[in-house]
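For reference, the chains in residue letters:
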Amino acid sequence: MALVSAKEMVDKAHEGHYAIPAFNINDLEWTKSVLAGIQQANSPAILQVSEGAGKYMGGFKTVADMVRDLYEHMGITVPVALHLDHGTYEGAKACIEAGFTSIMFDGSHFDFDENVTKSKEIIALAHSKGISVECEVGGIGGTEDGVTSAGELADPKECKAVAELGVDFLAAGIGNIHGVYPANWAGLNFDRLDEINAAVNGKPLVLHGGSGIPFEQVHKAVTMGVSKVNINTELQLEFAKATRAYIEAGKDQEGKGYDPRKLLKPGSDAITAKVIELCKAFGSADKA
Ligand code: 13P
């Protein structure tokens, strides 16, 4: 199978009450480790790339070629979409050209009318090529005295307006935060999620900042329209922890321990193990 648009897998997850995991990839090892994990879990999945990671890996075309070639070389059979994460207007267009099968246009920092105008244009362009689109609606942040204890909350009316543009899935803040959650995090705001879910009339929702949200909260969110959960930080932490343990045990001093194929293996294996765990936790395992 070739790389696919994310629409069908996310729609199926929405109907079946589970979530498609969207794993951020940062390099070759990350990509191989995530592909190995989703194949072992027999899970459909999204591999997503931020613009910064795309630049780091040698540009969007390099990323698209690498993911396609690894998909084929590793004999992957589960459905995989290659998605741009938090794309700018220019970045979204560049990824459509580069062969991505899904893109996010994040216009949440524009004023609402401009977000709508640009989202509409990107949706039309992507859909003309069979590429799925995620857009984001901005929200009120939960920072007080410089301390963030709650994430942004999106306005249900704005969510409804963007859903009606024909976007395939919608990112809307419900108290979620990227990165490690602060100890005093207030948790997901299910009242707001309920209002947003009612307003978007069956449009699948995306939960950003998926790392570290207790699984019970993710499960509850899935019953209320969330069908894609983004994971980046958790894979980075696993990679760093395993690599550090390898070095602290002095293994890099043994034989050819400095060989990147050896040095990066514990971290890569840790990513694969975490990917399998999350596919099971989100209910996407065995849904390929
Ligand atoms: P985390 O890094 O918190 O997992 O968030 C990832 C994400 O939402 C990418 O858009």
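Notes on the structure follow. What you see is a predicted model; the values in this text were computed from it and never measured. Numbering of residues begins from 1 in every chain and follows the order in which that chain's sequence is written. Under the rules for a predicted model, residues below a pLDDT of 70 receive no local features and side-chain atom pairs below 80 are neither given nor counted, while totals for whole chains, interfaces and linings still include all residues. As a convention, hydrogens and water are excluded, and side-chain values are obtained from all of the structure's heavy atoms.

Let's shift gears to the sheet that holds strand S1 (residues 20-24). A pair of strands is considered paired only if DSSP assigns at least 2 bridges between the two. Here a helix means four or more residues in a row that DSSP labels H or I, a strand means two or more in a row labelled E, and each is numbered from the N terminus. Ordered by their spatial adjacency, eight strands build a closed barrel running S1-S2-S3-S4-S5-S8-S9-S10, and the pairing between neighbours is parallel. Taken pair by pair, the neighbouring strands of this sheet meet at an average axis angle of 25 degrees, ignoring direction. Sheet topology places strand S5 (residues 132-137) next to strand S8 (residues 169-172); four bridges connect them, and they run parallel. Bridging across to S8, valine 137 finds its partner in alanine 172. The angle between two axes is taken between their N-to-C directions and runs from 0 to 180 degrees, where each axis is a line fitted to C-alpha atoms and a helix contributes only its stretch in contact.

With that out of the way, let us pick up the layout of surface pockets. Grid spacing is 1 Å over the protein atoms alone, the probe is 1.4 Å, and a cavity is where that probe fits but cannot get out, while a pocket is an open set with protein on both sides within 12 Å along at least five of seven lines and lining residues have an atom within 4 Å of a point. Grid points are joined across faces, edges and corners, and a volume is the space filled by probe spheres set on the points. Within this model, the largest pocket holds a volume of roughly 290 Å³. Lining of the largest pocket is provided by 13 residues; of these, Glu29, Lys32, Ser33, Lys265 and Ser268 occupy positions nearest its centre. Put simply, the parts of the chain that give the lining of the largest pocket at least two residues each are helix H2 (28-41), helix H11 (260-263) and helix H12 (265-282). The element that contributes the greatest number of residues to the lining of the largest pocket is H2, accounting for five residues. Residues that form the lining of the largest pocket fall into these classes: five nonpolar, three polar and five charged. Each residue is assigned to one class: nonpolar for Ala, Val, Leu, Ile, Met, Phe, Trp, Tyr, Cys and Pro, charged for Asp, Glu, Lys and Arg, and polar for all the others, Gly among them.

In the vicinity of the ligand there are 14 residues, among which Asp85, Gly179, Gly209, Ser211 and Thr233 approach most closely. We call two N or O atoms a polar contact when they sit within 3.5 Å, provided that within protein one can donate a hydrogen and the other can accept it, with sequence-adjacent residues counted only if both atoms are side-chain atoms. Residue histidine 86 places a side-chain N or O atom 3.3 Å away from an oxygen atom belonging to the ligand. Within the side chain of asparagine 230, one N or O atom sits 3.3 Å away from an oxygen atom of the ligand. Methods summary: accessible areas were calculated by the Shrake-Rupley approach with a probe of 1.4 Å, and residue burial reflects only the protein chains presented. Within the complex, 96% of the 310 Å² of free accessible area of the ligand lies under protein. Mapped onto the shell around the ligand, the elements with two or more residues apiece are strand S3 (80-87) and strand S10 (226-231). Among the residues making up the shell around the ligand, the classes are represented as one nonpolar, 12 polar and one charged. Put simply, a residue is near a molecule or strand once any heavy atom of it comes within 4 Å of that molecule or strand.

The next point concerns empty space enclosed by the protein. Once rolled over the atoms, a probe with the size of a water molecule shows which space is left empty. Counting across every chain of the model gives one cavity of 30 Å³ or more. Of the voids in this model, the largest cavity is the one considered here, and its volume is about 50 Å³. Along the walls of the largest cavity sit Ala172, Ile174, Asn176, Leu193, Ile196, Leu205, Val206, Leu207 and Val226, which together make up its complete lining. Residue assignment for the lining of the largest cavity shows that the elements contributing at least two residues are helix H8 (190-199) and strand S9 (205-207). It is S9 that contributes the most residues to the lining of the largest cavity, three residues altogether.

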